[in-house]
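Listed below are the residues making up each chain.
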Amino acid sequence: MKTNFKIVIAVCIAIFGLHSCSDIYDTINLNEANSRVIATSQMNFANTIRIGTSITLGDLSSGVESRLWTLPTGVADIVDSDNDVTSTAANVKAIFNVVGVHDVRLQQVFSDNAFTVLENTAKGKELDTIFQVTVLPQIKTVLKVNVLNSNGTVGAPLNLSNGAKNQVTAGSVVRYVVESAEGAPASFTWTTGATVVTLSNDKRTLDVRYNKVGNYNFDLLANTARPFGEEKTSFSDLITIIPSTAPVTLLEVKKKDGKISLVFSREIDPVSIKANEFSVTLTDKNNASLSSTIASVTRDAVDTNILIITLNGRTVYDDDKAFVSYSGINSLVTSDGVFSATFSAREAAASGVNVLIGTNYDYSYETIGIASTNWRQNITFCGPCTAANSSYLYSTEQVHSGNKSLKLTVKNGGVAALLNTSDGTDVGDITFPVVAGGTYEVGAWTYLPSTNTFGTSSVEMRTFIISGATQVDPALEFATFNSSSPTNQWVYGKVNVVIPNGTGKLVFRTRNNIGGTTPVTVYMDDITVKKLNLRP
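Residues numbered from 1 in each chain as written. Predicted model: local features only at pLDDT ≥ 70, side-chain atom pairs only at ≥ 80, totals over all residues. Heavy atoms only, no water.

### Regarding the sheet that holds strand S23 (residues 289-290)
Strand order in this open sheet of 4 strands is S23-S22-S26-S27, and the pairing throughout is antiparallel. Looking at the sheet topology across the chains shown, the edges are occupied by S23 and strand S27 (343-347). Where strand S26 (residues 321-326) meets S27, 3 bridges bridge the pair, whose relative direction is antiparallel. Looking at the pairing, Tyr-326 lines up with Phe-343 of S27. (Pairing = 2+ DSSP bridges. Helix = DSSP H or I, 4+ residues; strand = E, 2+ residues; numbered from the N terminus.)

What follows is the structure in structure tokens.
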């Protein structure tokens, strides 16, 4: 009877041996008279190699009377052999020089009926095995770079060459895109010297803002660990940032590390910062007033377009309400000489890291293809969800960041619900990591076209969290769309929710309360789930 355990050990030894210089048969003692054991040096990596590199093929079978390896003609070089198509050796090391998927054939004749690993049924005396070797080309990327217009649309292309010194005004956003990539790179590492605005889920689209006047280099490393390959693209003095006469914009106010950050569209001259021209109003979650005198206003040491407000003896928490005002006239100025306008009662948003980043969750809708490959209709929350009632489509028509958003159209007074999945089935639900009992802000950006017709009715969008066996309904409206809602612009909607267990998954449900056949369309982009730092 065949001893499967010893055959498995043989395979393990084979994998080690195919990477070594010693004779792999010296350490193997199969007690089966006729056992088929075949291994390759890349069997744990789908027999995938890079062009110009080798793979070792090993026949560790016992009871073999004859064998013949056959490789495709003109594809590989069998090491230490004048014949590059066939070999009768037990071990064959072949260097593949042609990109593609190539069939390798092993024909064996045994002295008697042979068994294969982990099987107890004889397969016969003559066995024919074909497996594939995938040969990847060297990594090569094609880039395109454009300045973005003030409305977010793609503007003029830039010249990709050393010393190009493409002139771009301070505060502008530049989009870098890997338009195509050969050789299956697994990761992309960008170095621009600028402030990252967004990085797409697949890391192939990067938006950066250049806040400071000067010259900037560029580097992109596209690589993969196995089979190893990399390409480094570098340009010196690719971009020259020149002074801008455009107004400086306060892009964001947020709570961070117990302080308040003011994010401007370009670098601020630190000499022009006067703390007495800023004021903060602070209340707790119960609307009780908290002292909020300013201790200092300083420029961030790294992101020089960010001002940091520190309060006297006071930590700002995410469940506080903080409002910032600035009253200076021709005082706060950018490094290129443009004064900031005054602003009043700008609310600070919660800070924190989006826990969806680094997961397979398609939070920015950048996956190629239609939504059904990533987001399925969730029947439980729809009642019912049918194709007649909703339309799910990845779209480039309106984008908050990256290249795509989700275009959701709900028809006929129906309901649509979305759940992100890895394979479009219930089995493939994607979860994200959370801290059990933690409070999280769940939000998304939505865009409502002015072509929708609401009348006196409204459309409700809600979010649900499924955590373990618990379904969490925050009992808060995520967003309500009606005739008074902002149109033709991106708006951020959010809810806070306590998640009971250590994992979660999201369901978005949109209910069209309009009667008749009037459809409602809304675009969604950039979903966030971030843990809140609450006042004790």
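Still more ground to cover, so stick around.
### Brief notes about the sheet that holds strand S14 (residues 173-182)
Taking strand neighbours across the sheet as the criterion, the 5 strands line up as S12-S11-S14-S17-S16 in an open arrangement whose pairing is antiparallel. Edge positions in the open sheet fall to strand S12 (154-157) and strand S16 (195-199), since each of these has one partner strand only. Strand-to-strand twist in this sheet, taken as the mean axis angle between neighbours without regard to direction, amounts to 35°. As paired elements, strand S11 (residues 140-148) and S14 share 8 bridges and run antiparallel to each other. Looking at the pairing, Leu-143 lines up with Val-178 of S14. (Axes fitted to C-alpha atoms, helices over the stretch in contact; angles between N-to-C directions.)

### Here's the deal with the side chain of Asp-59
By the element assignment, Asp-59 lies in strand S4 (residues 54-59). According to the relative accessible area criterion, Asp-59 is buried, its value standing at 0%. Among the polar contacts made by the side chain of Asp-59, one reaches the side chain of Arg-67 at a distance of 2.6 Å. A distance of 3.0 Å separates polar atoms of two side chains, one belonging to Asp-59 and the other to Gln-108. (Buried < 20%, exposed > 50% of the residue type's maximum accessible area, 1.4 Å probe, protein only. Polar contact = N/O pair within 3.5 Å; in protein donor to acceptor, adjacent residues only side chain to side chain.)

### Some remarks on the pattern of salt bridges
Counted under the stated rule, the structure contains 12 salt bridges. Across the pair Arg-105 and Asp-128 runs a salt bridge whose closest N-O atoms are separated by 2.3 Å. Within this pair, whereas Arg-105 is found in strand S9 (residues 100-116), its partner Asp-128 is found in strand S10 (residues 124-136), the two being separated by 23 residues in sequence. On the accessibility criterion, Arg-105 (33% relative accessible area) is partly exposed. The partner of Arg-175 in a salt bridge is Asp-207, and the shortest N-O contact between them spans 2.8 Å. Of this pair, Arg-175 sits in strand S14 while Asp-207 sits in strand S17 (residues 205-209), placing them 32 residues apart in sequence. No difference in accessibility class separates Arg-175 from Asp-207, as the two residues are buried. (Salt bridge = Lys/Arg side-chain N within 4 Å of Asp/Glu carboxyl O.)

### So, the confidence of the model for the protein chain
Here the protein chain averages 86 in pLDDT, and 88% of its residues register 70 or above. Every residue in residues 1-31 is under pLDDT 50, and counting partners more than four places away or in other chains gives 57 contacts. (pLDDT = per-residue confidence, 0-100. Contact = heavy atoms within 4.5 Å.)

### Focus: the nonpolar core
The biggest cluster of nonpolar side chains holds 39 residues, and the ones touching the most others in it are Phe-432, Leu-506 and Ile-527. At 5 residues, strand S39 (residues 520-531) tops the list of elements feeding residues into this core. Non-local contacts of Phe-432, meaning those with residues more than four positions away in its chain, are made with Val-355, Leu-356, Tyr-361, Ile-499, Gly-502, Thr-503, Gly-504, Lys-505, Leu-506 and Val-529. (Core = buried A, V, L, I, M, F, W, Y, C linked by side-chain atoms within 4.5 Å.)

### Focus on the environment of Tyr-176
With respect to the secondary-structure elements, Tyr-176 resides in strand S14. According to the relative accessible area criterion, Tyr-176 is buried, its value standing at 1%. As for Tyr-176 and Val-145, which are separated by 31 residues in sequence, their C-alpha atoms are 4.7 Å apart. The residues contacting Tyr-176, other than those within four sequence positions of it, are Lys-144, Val-145, Trp-190, Thr-192, Arg-204, Thr-205, Leu-206, Val-208, Tyr-210, Phe-218, Leu-238 and Ile-239. At a separation of 2.6 Å, a polar atom in the side chain of Tyr-176 contacts the side chain of Tyr-210.

### Section: the packing of aromatic side chains
Following the criterion strictly, the structure yields 13 aromatic pairs and no others. Arranged with centres 5.8 Å apart and planes meeting at 35°, the rings of Tyr-326 and Phe-343 form a pair that is tilted. Linking Tyr-326 in strand S26 with Phe-343 in strand S27, this pair joins segments that are 17 residues apart in sequence. What makes Tyr-326 buried here is its relative accessible area of 2%. An aromatic cluster is built from Tyr-176, Trp-190, Phe-218 and Phe-235, whose rings are joined through pairwise contacts. (Phe/Tyr/Trp six-rings, centres within 6.5 Å; stacked < 30°, edge-to-face > 60°.)

### A closer look at the side chain of Ser-340
On the secondary structure map, Ser-340 appears in the loop between S26 and S27. The class for Ser-340 is buried, based on a relative accessible area of 9%. When neighbours within four sequence positions are excluded, Ser-340 is seen to be in contact with Val-248, Phe-264, Tyr-326 and Leu-332.

### A closer look at unusual backbone geometry
Note that the residue after Arg-226, namely Pro-227, is joined by a cis bond; omega there is -5°. For Lys-203, which is not a glycine, the phi torsion comes out positive at approximately 65°.

### Considering the pairing of strand S38 (residues 503-512)
Counted residue by residue, S38 has 8 buried out of 10 residues, so it is predominantly covered. Where strand S31 (residues 415-420) meets S38, 5 bridges bridge the pair, whose relative direction is antiparallel. Note that in S38 the partner of Ala-416 across the bridge is Thr-510. Relative to S38, strand S32 (residues 432-433) runs antiparallel, the two sharing 2 bridges. Looking at the pairing, Phe-432 lines up with Gly-504 of S38. In this sheet, S38 lies alongside strand S34 (residues 459-467) in antiparallel orientation, the contact comprising 8 bridges. In the strand pairing of S38, Thr-463 is matched with Phe-508.

### Comments concerning the environment of Asn-217
With respect to the helices and strands, the residue Asn-217 is situated in strand S18 (residues 214-224). Placed 23 residues apart in sequence, Asn-217 and Ala-194 show a C-alpha to C-alpha distance of 9.8 Å. In contact with Asn-217, other than residues within four places in its own chain, are Thr-191, Thr-192, Phe-235, Ser-236, Asp-237 and Leu-238. At a separation of 2.7 Å, a polar atom in the side chain of Asn-217 contacts the main-chain amide nitrogen of Asp-237.

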